[in-house]
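Summary of structural features
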Amino acid sequence: MAPTDETGQAAQHTSTPGIQPPAGPPVGSVAGPNGRMPRWLPRAMVLALALVAVFQLGSWAFHQLTGLLINVLIAFFLALAVEPAVSWMAARGVRRGLGTFLVFLAVLIVAAGFVTLLGSMLAGQIITIVEDFPDYLDSVINWVNTHFHTELRRVDIQEGLLRSDWLRTYVQNSATGVLDVSAQVLGGLFQLLTVGLFSFYFAADGPRLRRTVCSVLPPARQAEVLRAWEIAVNKTGGYLYSRGLMALVSGLAHYVLLEILEVPYAPVLAVWVGLVSQFIPTIGTYLAGALPMLIAFTVDPWYALWVLVFVVIYQQFENYVLQPKLTSKTVDIHPAVAFGSVVAGTALLGAVGALIAIPAIATLQAFLGAYVKRYDVTDDPRVHGHRSSGHGPGLITRARRLWFRRPEAADARGEGTGTG
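Conventions adopted
- Residues numbered from 1 in each chain as written.
- Predicted model: local features only at pLDDT ≥ 70, side-chain atom pairs only at ≥ 80, totals over all residues.
- Heavy atoms only, no water.
- Helix = DSSP H or I, 4+ residues; strand = E, 2+ residues; numbered from the N terminus.
- Buried < 20%, exposed > 50% of the residue type's maximum accessible area, 1.4 Å probe, protein only.
- Contact = heavy atoms within 4.5 Å.
- Areas by Shrake-Rupley, 256 points an atom, 1.4 Å probe, with all protein chains shown as cover.
- UniProt positions renumbered as here; feature names shortened; annotations may be inferred.
- Patch = residues over 30% accessible without salt bridge, like charges linked within 9 Å, V, L, I, M, F, W, Y side chains within 5 Å.
- Salt bridge = Lys/Arg side-chain N within 4 Å of Asp/Glu carboxyl O.
- pLDDT = per-residue confidence, 0-100.
- Axes fitted to C-alpha atoms, helices over the stretch in contact; angles between N-to-C directions.
- Parallel < 35°, antiparallel > 145°, perpendicular 65-115°, else oblique.
- Nonpolar A, V, L, I, M, F, W, Y, C, P; charged D, E, K, R; others polar.

The next subject is the overall build of the chain. The number of helices and strands found in the chain is 14 helices and zero strands. In sequence order, the secondary structure elements of the chain are arranged as α-α-α-α-α-α-α-α-α-α-α-α-α-α. In the chain, which comprises 420 residues, the share counted as buried stands at 23%. Sequence separation of 24 or more characterises 63% of the internal contacts of the chain that already satisfy a separation of 6 or more. Within the structure as shown, the chain displays about 30600 Å² of accessible surface, and the carbon and sulfur contribution to it stands at 68%.

See the structure below:
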């Protein structure tokens, strides 16, 4: 039977020697039939470009909203701090909104009173310095004329200052800086209002906020979130109230000292020392003691020394007696951990991070302590810092034995030499 044309052609192709079949497309080629790119490649390129655009947009939005996020973080910790007081009032029949308003009103009144007293004190001191400045200047001029045999006069110095280019330049720069200071003050007030509103909503709607967060989690996760929330409330509120109590004790102690020394503005200085030393971490004690020392120095230089000695002694009493008793059940963390957390918080968020670092670390420590399994420590001397003596005698014992053996060896050598 004769083969068909197709089979005959196929047979001829396969049987003709020296003729190679056409090569197929190379392995790994992305081109499809007729040299066209695959259908998935444009979609992959568009998806990659979209992901890059979304990342850039998210990064830009995050940098733009950093200030708002920090304000929300401050408001959240402030709401955690006032949560115990609001819950206490709500348990006694007061609505949470009204209780939150009363708590914030009390805080606002205390802060406004402190700022008013401090401002009046500073204004009084500035007025006193301005009024006494001619007398100070006369005393300085007399001292210079006496020791250096000059003939300076206060009128000539005042006219030279008023006509100097330095004063004119300083006044112009100060006038320009007033606008910058005004803008900063307005920005600070807006930031304070933002924090206050967010913290009010967080505290007043605390149960609703917890319910909303737990509604998107399974029951097991809900229990963990509620436990972490409760720990954060206890630690943050405990930190605030313990610091407030220590500020009260510190203010009373320094008030008594300043009244005994008859330093002016003793109540304001006492409030300053109490608040600054307790609520500004690490350097608060030094900032708090500097202002009373300066005011006391204007009365008598020895009074400034007495204030310095009292600040140092009271700080030791607070560190070793008062603070361990008040913070043993609230924010009981090691001083080194507290200092490290303050440094880390300052590096991340500045002054805000320094303020919220200690309650945040205390919350994290308490939360981890609830889930980390602990074991009993063996009764080993090395746990208490005692070095192990090993199998042989200690170094001191061996040295003592060698010391007492030296005379015996010398006597033995002497006896051996005499008999020989």
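Moving on, we get to the UniProt feature "transmembrane region" (unreviewed entry) in the chain. Under the feature "transmembrane region" (unreviewed entry), the UniProt entry names residues 44-62, 68-89, 101-127, 181-203, 240-257, 269-289, 301-317 and 337-364. Between the end C-alpha atoms of residues 101-127 the distance is 38 Å, and the span holds 100% helix and 0% strand.

There is a patch of nonpolar side chains on the surface, built from Trp302, Leu305, Trp306, Leu308, Val309, Val312 and Ile313 and spanning about 720 Å² of accessible area. Counting through the fold element by element, Leu308 comes out in helix α11 (residues 301-327). What makes Leu308 partly exposed here is its relative accessible area of 37%.

With that settled, consider the confidence of the model for the chain. Atom-level detail of predicted coordinates should not be read off regions where pLDDT is low. Here the chain averages 77 in pLDDT, while 75% of its residues score no lower than 70. The secondary structure element of the chain with the lowest average pLDDT is helix α1 (residues 5-15), at 46, and the one with the highest is helix α2 (residues 40-64), at 90. Low pLDDT, under 50, characterises residues 1-16; the stretch is placed with zero contacts to residues that sit more than four places away or in other chains.

This part covers the pattern of salt bridges. Evaluated as defined, the whole model comprises three salt bridges. A salt bridge links Arg221 to Glu224; its shortest N-O distance comes to 3.2 Å. Of this pair, Arg221 and Glu224 both sit in helix α8 (residues 219-260), three residues apart, roughly one helical turn. Residue Arg221 is classed as partly exposed on the basis of its relative accessible area of 48%. In this structure, a network of salt bridges that share partners links the residues Glu83, Arg96 and Arg210.

Closest axis-to-axis distance for the helix α3 (residues 66-91)/α8 pair is 8 Å, and the angle between their directions is 85 degrees. Taken together, the axis directions place α3 and α8 in an arrangement best described as roughly perpendicular. Only Trp229, Ala232, Val233, Thr236, Gly237, Leu240 and Tyr241 of α8 make contact with α3, whose side of the interface consists of Phe76, Phe77, Leu80, Ala81, Val82, Glu83, Pro84 and Ala85. Residue composition of the contact of α3 with α8, by class: 12 nonpolar, two polar and one charged.

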